[in-house]
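Structural characterization, general
Take a look at the letters that make up each chain.
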Amino acid sequence: MDKLIEIKNLVKKYADKTVINGIDLSIQKGEVVVLLGPSGCGKSTLLRTINGLENIQGGEILFHGKNIHDKNSNWIEIRQKIGMVFQNYELFPHLNVIDNILLAPLKVQKRAKEEVMLQAEELLKKVGLEDRKFAYPRELSGGQKQRIAIVRALCMNPEVMLFDEVTASLDPEMVREVLDVILNLAKSGMTMFIVTHEMGFAKSVANRIVFLDSGKICEESEPKEFFSNPKTQRAREFLNIFQFED
Ligand SMILES: Nc1ncnc2c1ncn2[C@@H]1O[C@H](COP(=O)(O)OP(=O)(O)OP(=O)(O)O)[C@@H](O)[C@H]1O
Ligand SMILES: [Mg+2]
């Protein structure tokens with residue numbers, strides 16, 4: 001199997017507080033891994049270390065077998081291959097949709113405008129927003145902004161996508177349209193590492209569930225297994241909360 005990301009004995013501290021406490025985890029090419037766990041357990045921190053937004057205090061993260069936290073790492077290059085979308089859409093407010101999407105492919109990747117434009121239009125069509133090319137972020141709904149943020153990340157041709165609670169700020173009626181985009185991405189074979197609180201979505205999109213608690217992997221299993229028969233007390237407690245919310 002082709003390991004795209006390999007995390008070995010990862011330790012992340014903020015000052016003297018250990019937030020990631022010895023995590024080992026691999027993600028294969030084409031795999032969709034969903035990361036679950038209670039608030040504050042380190043999900044966002046883990047994702048952010050993979051994208052170099054946080055330094056680490058121990059262990060290593062390999063991407064295609066290469067240690068990305070090496071002092072010689074070229075983060076500009078790595079971040080083109082590891083796309084990330086966050087909870088709060090970070091579109092540039094002064095740029096319209098198409099300019100938001102084209103910016104990095106043109107400036108960072110130095111690609112030809114015609115080629116990127118064709119790809120952007122195709123991606124916009126896939127997320128149902130081909131008619132909003134010239135809209136400004138303030139003219140879009142939260143769900144639309146989040147779909148544009150996903151298109152913008154995809155237009156860099158990443159090899160893996162990290163999603164950190166991308167529907168958490170959305171009104172309920174907009175959650176579905178964003179989750180459907182991610183489900184379609186999964187069908188197309190995109191490798192993904194997803195943090196979500198949408199349990200139904202997690203169950204349907206994931207090849208594997210990783211349950212984190214206090215900075216450690218507490219349980220790792222197939223989605224069906226995890227949701228119907230969690231192995232640990234912590235996971236059972238976690239799932240009970242969501243059942244009450246339904
Ligand atoms: N920049 C920071 N400085 C200090 N502590 C931090 C920082 N960022 C996060 N933490 C702490 O690290 C721990 C893990 O935070 P993290 O954001 O990774 O949790 P999470 O699992 O994503 O939670 P949530 O589900 O609420 O998003 C928390 O205790 C948090 O307070
Ligand atoms: Mg978080």
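As annotated in an unreviewed UniProt entry, the protein chain carries the name Probable ABC transporter ATP-binding protein PEB1C and comes from Aliarcobacter vitoriensis. Under the UniProt heading Sequence similarities (unreviewed entry), the note attached to the protein chain is "Belongs to the ABC transporter superfamily." The Function (unreviewed entry) comment attached to the protein chain in UniProt states, word for word, "Most probably involved, with PEB1, in a binding-protein-dependent transport system for an amino acid. Probably responsible for energy coupling to the transport system."

Brief notes about the overall build of the protein chain
Of the regular secondary structure elements, the protein chain holds nine helices and ten strands. Referenced to the eigenvectors of the C-alpha coordinate spread, the extents of the protein chain come out at roughly 50 × 45 × 35 Å. The 246 residues of the protein chain split such that 53% are buried. Taking the intrachain contacts of the protein chain between residues at least 6 apart in sequence as the baseline, contacts between residues at least 24 apart amount to 66%. About 12,000 Å² of surface is accessible on the protein chain, with carbon and sulfur atoms providing 49% of the total. Positive and negative charge centroids in the protein chain, built from 33 and 34 side chains respectively, lie 3 Å apart.

Here's the deal with the site of ligand 1
Surrounding ligand 1, one finds 13 residues, the nearest of these being Lys17, Ser39, Gly40, Lys43 and Thr45. Within the side chain of Ser44, an N or O atom sits 2.8 Å from an oxygen atom of ligand 1. A distance of 3.5 Å is found between an oxygen atom of ligand 1 and a side-chain nitrogen or oxygen belonging to Glu165. Elements represented by at least two residues in the shell around ligand 1 include exactly strand E2 (17–28) and helix H1 (43–50).

Quick look at the pairing of strand E7 (residues 160–164)
With five of its five residues buried, E7 lies for the most part within the structure. Of the pairings in the sheet, the one linking strand E6 (residues 82–85) to E7 comprises four bridges and is parallel in character. From the neighbouring strand, Ile82 faces E7, where its bridge partner is Val160. Bridging between E7 and strand E8 (residues 191–195) involves five bridges; their strand directions are parallel. Each bridged residue has a counterpart across the sheet, and for Val160 the counterpart in E8 is Thr191. Note that the unit made of E7, helix H6 (residues 172–187) and E8 has a crossover that is right-handed.

Side note on helix H3 (residues 97–107)
Among all positions in H3, only Val97, Ile98, Asn100, Ile101, Leu102 and Pro105 are buried. Against helix H4 (113–126) and helix H5 (142–154) lie the buried residues of H3.

Observations regarding the nonpolar core
In summary, soluble globular proteins display a tendency toward joint burial of nonpolar side chains. If you look at the biggest cluster of nonpolar residues, it comprises 52 residues, and the most contacted ones within it are Leu36, Ile150, Phe163, Met192 and Ile194. Looking at which element gives the most residues to this core, the answer is H6, with eight residues. Residues in contact with Ile150, not counting those within four places in the same chain, are Val85, Met161, Phe163, Val178, Val181, Ile182 and Leu185. Within the second largest apolar cluster, 28 residues are counted, among which are Ile7, Val33, Phe63 and Ile78.

Focus: the pattern of salt bridges
Applying the stated criterion across every chain yields a total of twelve salt bridges. Close ionic contact of Glu6 with Lys3 constitutes a salt bridge, the shortest N to O distance being 3.4 Å. Residue class for Lys3 comes out partly exposed when judged on its relative accessible area of 38%. Taking the shortest distance from any N to any O, the salt bridge between Glu177 and Arg147 comes out at 3.1 Å. Highlighted residues: Glu177 in helix H6 and Arg147 in helix H5, separated in sequence by 30 residues.

Reading guide: rules and limits
Within any chain, residue numbers begin from 1 and follow the written order of that chain's sequence. Chains carry letters from A onward and ligands carry numbers from 1 onward, assigned in written order. With pLDDT at 70 or above as the cut-off, local features in this predicted model cover only qualifying residues; side-chain atom pairs require 80 or more to be listed or tallied, and sums for whole chains, interfaces and linings still use all residues. Excluded from the side-chain calculation are hydrogens and water; included are all heavy atoms of the structure. UniProt positions are given in the numbering used here, feature names are shortened, and annotations may be inferred rather than shown by experiment. What counts as a helix is a DSSP run of H or I of at least four residues, what counts as a strand is a run of E of at least two, and both are numbered from the N terminus. When a residue's accessible area, from a 1.4 Å probe over protein chains only, is under 20% of the maximum for its type it is buried; when over 50% it is exposed; and in between it is partly exposed. Here a residue-residue contact requires only that any non-hydrogen atoms of the pair lie within 4.5 Å. Only the protein chains shown count as cover for residues, and all accessible areas are computed by the Shrake-Rupley method using a 1.4 Å probe. Within this scheme the basic residues Lys and Arg register as positive and the acidic residues Asp and Glu register as negative, but His and the chain ends are omitted. The atom standing in for a charge is NZ when the residue is Lys, CZ when it is Arg, CG when it is Asp and CD when it is Glu. Throughout, near means a residue has at least one heavy atom within 4 Å of the molecule or strand. Here a polar contact means two N or O atoms within 3.5 Å. Within protein one must be a hydrogen donor candidate and the other an acceptor candidate, and residues neighboring in sequence count only if both atoms are side-chain atoms. Two strands form a pair only when DSSP identifies at least two bridges running between them. Whether a crossover is right-handed comes down to one check: with the strands pointing away from the viewer, does the path from the first strand over the helix to the second run clockwise; if it does, it is right-handed. To define a nonpolar core, start from buried Ala, Val, Leu, Ile, Met, Phe, Trp, Tyr and Cys residues and group those joined through side-chain atoms within 4.5 Å. One side-chain nitrogen of Lys or Arg within 4 Å of one carboxyl oxygen of Asp or Glu is enough to make a salt bridge.

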